[in-house]
There are 2 protein chains.
Amino acid sequence: MEKFEINILGCGSAKPSPFHNPSSTVVNFRDNLFMIDCGEGAQKEFQRRHLKFSRLNHIFLTHLHGDHVFGLPGLIGTMALSGLEGDLTIHTFEDGKKILSSIFDYFNRGLPIDVKFNVIKPEEAIVFENSSLQVRTVPLKHKIPAVGYVFEEKPRLRHINREMCDYHKVPLWEFNRIKTGADFIKPDGTVVSNKLLTFDPTPARSYAHISDTSYMADLAEKIKGVDLLFHETTYLNEDLDKARERGHSTAAQAAQVAFDAKAGRLLTGHYSSRYKDDRVFLEEAEKVFPNVILGNEGIKISI
Amino acid sequence: MEKFEINILGCGSAKPSPFHNPSSTVVNFRDNLFMIDCGEGAQKEFQRRHLKFSRLNHIFLTHLHGDHVFGLPGLIGTMALSGLEGDLTIHTFEDGKKILSSIFDYFNRGLPIDVKFNVIKPEEAIVFENSSLQVRTVPLKHKIPAVGYVFEEKPRLRHINREMCDYHKVPLWEFNRIKTGADFIKPDGTVVSNKLLTFDPTPARSYAHISDTSYMADLAEKIKGVDLLFHETTYLNEDLDKARERGHSTAAQAAQVAFDAKAGRLLTGHYSSRYKDDRVFLEEAEKVFPNVILGNEGIKISI
């Protein structure tokens, strides 16, 4: 199966702890790297995980709080010092384009990396697309405008039923067409239905990255059936007041979203530094939704 | 002896290595902390070393390259989230005030920390002074304007010669005055010279922080007799061409400055990531100047 992996570079929240970095995640989709948020220290963790700068062309920002962006100028400088050239697209709001380009113009001027901006809005939209992947935004509910990102593999090719193709004498050069769902027309004009010649494709996979946000009851509908859901778990339910006040979620609320969305698995993160042992997030979430992965720096999850 | 300690938070150069953080140093002078430069990750190392944000009120920037400043916005955010309030003064050029205040205005707005700027120039000047310490700038030779900082303890009080004071019946309440160098006048009008009543004070101590710079033959004169000299050692002499081209120094050049300045000790740092073993800097420097400390994250040097 082609690579679709989630690398966690940072799963702490705004106030850093000795145990966690601020937010950053790298999606490795078929050896193309897509970074979501870039907190301070992300570049160091990126290199520690042996990820390759040359594979990184897109950075998606969820919102413009420092713990999600302060690693950007350093990352770009380091990419340039590593001999990288070419384009790097940052997906962010108009505000982000303004403040970040003023920083890059000052500190990263003259570098061989051409930083481009794709200006997004806090609404539902497709913000990136290539032949095998699309990325769409989902608006979230935070203290400032924020979006989640949903990475969706495009429908995959059907699998050839070799026995039936041989029986109907389908020539090899027709296989690629057949895989896309086309019927086969025999030399005598007979049509052999594609259903006879192929098996269903491997289901397309998906990843939703939801951070930072208050609990949103209507979110599950927008990410229905996602294979892996990262949903911030800044607090525990015992601190529900703080979560509400600060625009964050509890582990139980994240698990509720995973449950309602019928997600495959839930990944936790964006931990408040007030809790000394991360396992409390796992324990709280598992009471609501069974399939929880406790996020931590350095882990990699295959979808 | 009152504390005068140098804490190294980062001694890498612009291109980070897995082994070093970008530049940051904290001077602990009598439990007041003065930070010099604030590369990415400085806040994490600061906390790891159990330094106290509440003791930090001054940050001195040597120049405006990213590896010396990208940790600033995160540090300030974390200080505020840690409950700190009050003033933090950043000593930097006019340009630094402009770009940094636009970053803080966007990302750190509404925080209870009042960031003030002391605008300095790339020339010799006293930029900070209190009753026991002064900090002065020394212009350096880099690709952009840069200064070094010299921390100088003010002349200390003379030590009381208790035996002689008793002999001359100096009352206890006169001791503080006598320590400042005053003579003692007996009730009968006889003057007892201060020299008879006191010993010489402990010599005032000093620290010079020189980074980033090309070799400057006239620098030694400006930091003559400094107790501890940090002088960047980005390269080895085998890469002298690169050092010249990029506005940096070799370990041998730094040692030459220490030798010419008759410094007490030399501290190395700002290592290029091209060398795999830091000890090469120590070996090269020791051939020119005997008293070299190999800088590394986490070490603390008492002056």
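This is a predicted model, so every value here is computed, not measured. (Residues numbered from 1 in each chain as written. Chains lettered and ligands numbered in written order. Predicted model: local features only at pLDDT ≥ 70, side-chain atom pairs only at ≥ 80, totals over all residues.)

Chemist: Please provide a residue-by-residue account of the sheet that holds strand β18 (residues 300–302) of chain B, values included.
Modeler: All names here are of chain B. Sheet architecture is open: seven strands sit in the order β6-β5-β4-β3-β2-β1-β18, paired in mixed fashion. Edge positions in the sheet fall to β6 (113–119) and β18, since each of these pairs with one other strand and no more. On average, adjacent strands in this sheet sit at an angle of 20° to one another, irrespective of strand direction. By the bridge criterion, three bridges tie strand β1 (residues 4–10) to β18 in an arrangement that is antiparallel. Bridging across to β18, Asn7 finds its partner in Lys300. Of the strands in this sheet, β3 (32–38), β5 (86–92) and β6 touch helix α2 (residues 72–81), which is tilted by about 140° from β6. (Pairing = 2+ DSSP bridges. Helix = DSSP H or I, 4+ residues; strand = E, 2+ residues; numbered from the N terminus. Axes fitted to C-alpha atoms, helices over the stretch in contact; angles between N-to-C directions. Contact = placed C-beta atoms within 7 Å.)

Chemist: An account of the environment of Asp241(B) is requested, with residue identities and associated values reported.
Modeler: Here Asp241(B) shows up in helix α8 (residues 240–246). Sequence spacing of Asp241(B) and Ala258(B) is 17 residues, and the spatial spacing of their C-alpha atoms is 21 Å.

Chemist: Quick one: what's the story with the interface of chain B and chain A, residue by residue and with numbers?
Modeler: The interface of chain B with chain A comprises 24 residues on the first partner and 23 residues on the second. Those elements that provide at least two residues to the side of chain B that touches chain A are α1 (42–48), α2 and α3 (94–107) of chain B. Its residues assigned to classes, the side of chain B that touches chain A shows ten nonpolar, ten polar and four charged. (Nonpolar A, V, L, I, M, F, W, Y, C, P; charged D, E, K, R; others polar.)

Chemist: Give a detailed account of unusual backbone geometry, specifying residues and quantitative values.
Modeler: The general pattern is negative phi for most residues beyond glycine and trans for most peptide bonds. All names here are of chain A. Following Ser211, the chain continues to Asp212 via a peptide bond in cis, the omega torsion being -10°. Its location among the elements puts Asp212 in the loop between β14 (206–210) and α7 (219–222). One non-glycine residue, Lys169, lies in the positive phi region at around 55°. With respect to the helices and strands, Lys169 occurs in the loop between α4 (162–167) and α5 (175–179).

Chemist: So what's going on with the pairing of strand β8 (residues 133–139) of chain A? Which residues, and what values?
Modeler: All names here are of chain A. Of the strand pairs in this sheet, strand β7 (residues 125–129) and β8 are connected by four bridges, and their pairing is antiparallel. Looking across to β8, one finds that Glu129 is bridged to Gln134. Connecting the antiparallel pair β7 and β8 is a turn made up of three residues. In terms of strand pairing, β8 meets strand β9 (residues 147–153) through seven bridges, oriented antiparallel. Paired with Arg136 across the two strands is Val150, which belongs to β9.

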